[in-house]
Amino acid sequence: MSAVATLLARETALAWGKGGGPMVAVGFYAGVATLLPLAVGSEPERLAGVAPGAAWVALALAALLSLDRLFERDYEDGALDLLTLSPVPLEMVCAVKCLAQWLATGLPLALAAPVAAIALGAAPQLAGLVVACALLGGLAFSFMGGIGAALSLGARRGGLLTAVIVLPLFVPPVIFGGGALASLDAGLPWRAGFALLGAYAAGAVALGPIAMAAACRNALS
């Protein structure tokens with residue numbers, strides 16, 4: 001456990017200091033939320049209708065920013081080879097990397113999500129569910145995004161390849177989370193969408209590290 005804790009501290013420090021940190025993702029998120037009224041109009045009724053969905057799309061796009069450096073940095077300087085030979089299983093290494101990435105970007109984005117949604121015209125009573133959905137969605141984005149980052153290791157223009165691989169995997173969380181928020185806003189049952197989002201996040205956490213480890217081993221072979 002001490003080795004895992006040390007690895008988590010290392011990855012979190014790298015994600016905060018050299019992975020772009022939370023300010024880049026939050027700044028991008030705020031920029032998207034600011035541009036949306038300029039594109040669709042500033043009428044409150046129109047903005048209120050698209051606010052939850054727009055906040056989710058912005059969250060997914062902001063989560064992409066740090067994915068290309070999730071494994072690439074360690075792959076380039078040889079640290080990934082050493083991590084592969086360490087006592088910690090490579091699957092656990094991949095899981096810790098994604099957890100650190102979520103702590104550095106997903107958690108701050110989840111805290112910023114209700115502010116952006118309310119600023120766009122969403123009802124204030126949605127704030128609690130927005131945070132909960134963003135936390136689960138951010139976890140799914142980190143672990144599913146890690147698969148794309150591992151698959152693009154060593155490729156030229158890996159960031160673009162990561163986005164192409166990852167964006168289809170981001171569709172279910174956006175649908176489930178946006179559907180739960182839209183249902184609560186309309187006074188309809190919302191727990192089914194939230195449960196599906198939680199199930200998808202749990203599946204990503206359970207299966208994502210296995211796929212990432214296999215892709216890393218293939219890149220290093």
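Only a predicted model underlies this, so the values are computations on that prediction, with no experimental measurement involved.

Asks: Now, about the overall build of the protein: what can you tell me, with residues and values included?
Replies: Scanning the protein for helices and strands turns up nine helices and zero strands. Each helix (α) and strand (β) of the protein, taken in turn from the N terminus, gives the series α-α-α-α-α-α-α-α-α. Here the C-alpha atoms of the protein give a radius of gyration of 18 Å, agreeing with the 17 Å that 2.2 N^0.38 yields for 221 residues. In terms of principal-axis extent, the alpha carbons of the protein reach across some 55 × 35 × 30 Å. Burial analysis of the protein (221 residues in total) assigns 46% to the buried set. Sequence-distant contacts in the protein: of pairs separated by 6 or more residues, those separated by 24 or more amount to 82%. When the accessible surface of the protein is summed, it comes to about 10200 Å², and 72% of that surface belongs to carbon and sulfur atoms. Between the mean site of the 10 positive side-chain charges and the mean site of the 11 negative ones, the protein shows a separation of 3 Å.

Asks: I'd like to hear about a nonpolar patch on the surface, residue by residue, with values.
Replies: Judged by side-chain polarity, Val 24, Phe 28, Val 57, Leu 61, Leu 65 and Leu 167 come together as a nonpolar surface patch covering roughly 450 Å² of accessible area. Residue assignment for the nonpolar patch shows that the elements contributing at least two residues are helix 2 (21-40) and helix 3 (44-63). One can find Leu 167 in helix 8 (residues 158-185). According to the relative accessible area criterion, Leu 167 is partly exposed, its value standing at 38%.

Asks: Before we move on, can you summarise empty space enclosed by the protein with the specific residues and values?
Replies: Evaluation of the coordinates by the stated rule reveals four cavities of 30 Å³ or more. When its volume is computed, the largest cavity comes out at roughly 100 Å³. The wall of the largest cavity is formed by 13 residues, among which Ala 15, Ser 66, Leu 70, Arg 73 and Gln 101 lie closest to the centre. Listed by contribution, the elements that provide at least two residues to the lining of the largest cavity are helix 1 (2-17) and helix 6 (90-119). Among the elements that line the lining of the largest cavity, the one with the most residues is helix 6, at five residues. When the residues that make up the lining of the largest cavity are grouped by side-chain class, the tally is five nonpolar, four polar and four charged. Size it by volume and the second largest cavity reaches roughly 50 Å³. Residue lining of the second largest cavity: Leu 59, Ala 63, Gln 101, Thr 105, Gly 106, Leu 109, Ala 134, Gly 138, Phe 141 and Ser 142, and that is the complete set. Grouping the constituent residues of the lining of the second largest cavity by class yields five nonpolar, five polar and no charged.

Asks: So what about the packing of helix 6 against helix 7 (residues 127-151)? Which residues, and what values?
Replies: Put simply, helix 6 and helix 7 touch, their axes get as near as 8 Å, and they point 150° apart. Taken as axis vectors, helix 6 and helix 7 run roughly antiparallel relative to one another. Considering the relative orientation of helix 6 and helix 7, their crossing is right-handed. The segment helix 6 lies against helix 7, with Ala 95, Cys 98, Leu 99, Gln 101, Trp 102, Leu 107, Ala 110, Ala 113, Pro 114 and Ile 118 engaging Ala 127, Val 130, Val 131, Ala 134, Leu 135, Gly 138, Leu 139, Ser 142, Phe 143 and Gly 146. Residue classes in the contact of helix 6 with helix 7 are distributed as 16 nonpolar, four polar and no charged.

Asks: Mind laying out the state of the cysteines, listing which residues take part and the relevant values?
Replies: Put plainly, a disulfide is one covalent bond tying together the sulfur atoms of two cysteines. Throughout the structure, instances matching the rule amount to zero disulfides. Left unpaired, Cys 216 is separated from the closest cysteine sulfur, that of Cys 94, by 4.4 Å.

Basis of the calculations
- Residues numbered from 1 in each chain as written.
- Predicted model: local features only at pLDDT ≥ 70, side-chain atom pairs only at ≥ 80, totals over all residues.
- Heavy atoms only, no water.
- Helix = DSSP H or I, 4+ residues; strand = E, 2+ residues; numbered from the N terminus.
- Rg over C-alpha atoms; globule rule 2.2 N^0.38 Å.
- Buried < 20%, exposed > 50% of the residue type's maximum accessible area, 1.4 Å probe, protein only.
- Contact = heavy atoms within 4.5 Å.
- Areas by Shrake-Rupley, 256 points an atom, 1.4 Å probe, with all protein chains shown as cover.
- Lys, Arg positive; Asp, Glu negative; His and termini not counted.
- Charge placed at Lys NZ, Arg CZ, Asp CG, Glu CD.
- Patch = residues over 30% accessible without salt bridge, like charges linked within 9 Å, V, L, I, M, F, W, Y side chains within 5 Å.
- Salt bridge = Lys/Arg side-chain N within 4 Å of Asp/Glu carboxyl O.
- 1 Å grid on protein atoms, 1.4 Å probe; cavity = no way out; pocket = protein on both sides within 12 Å on 5 of 7 lines; lining within 4 Å.
- Points joined across faces, edges and corners; volume = space filled by probe spheres on them.
- Nonpolar A, V, L, I, M, F, W, Y, C, P; charged D, E, K, R; others polar.
- Axes fitted to C-alpha atoms, helices over the stretch in contact; angles between N-to-C directions.
- Parallel < 35°, antiparallel > 145°, perpendicular 65-115°, else oblique.
- Left-handed = near helix turned anticlockwise from the far one by under 90°.
- Disulfide = S-S within 2.5 Å.

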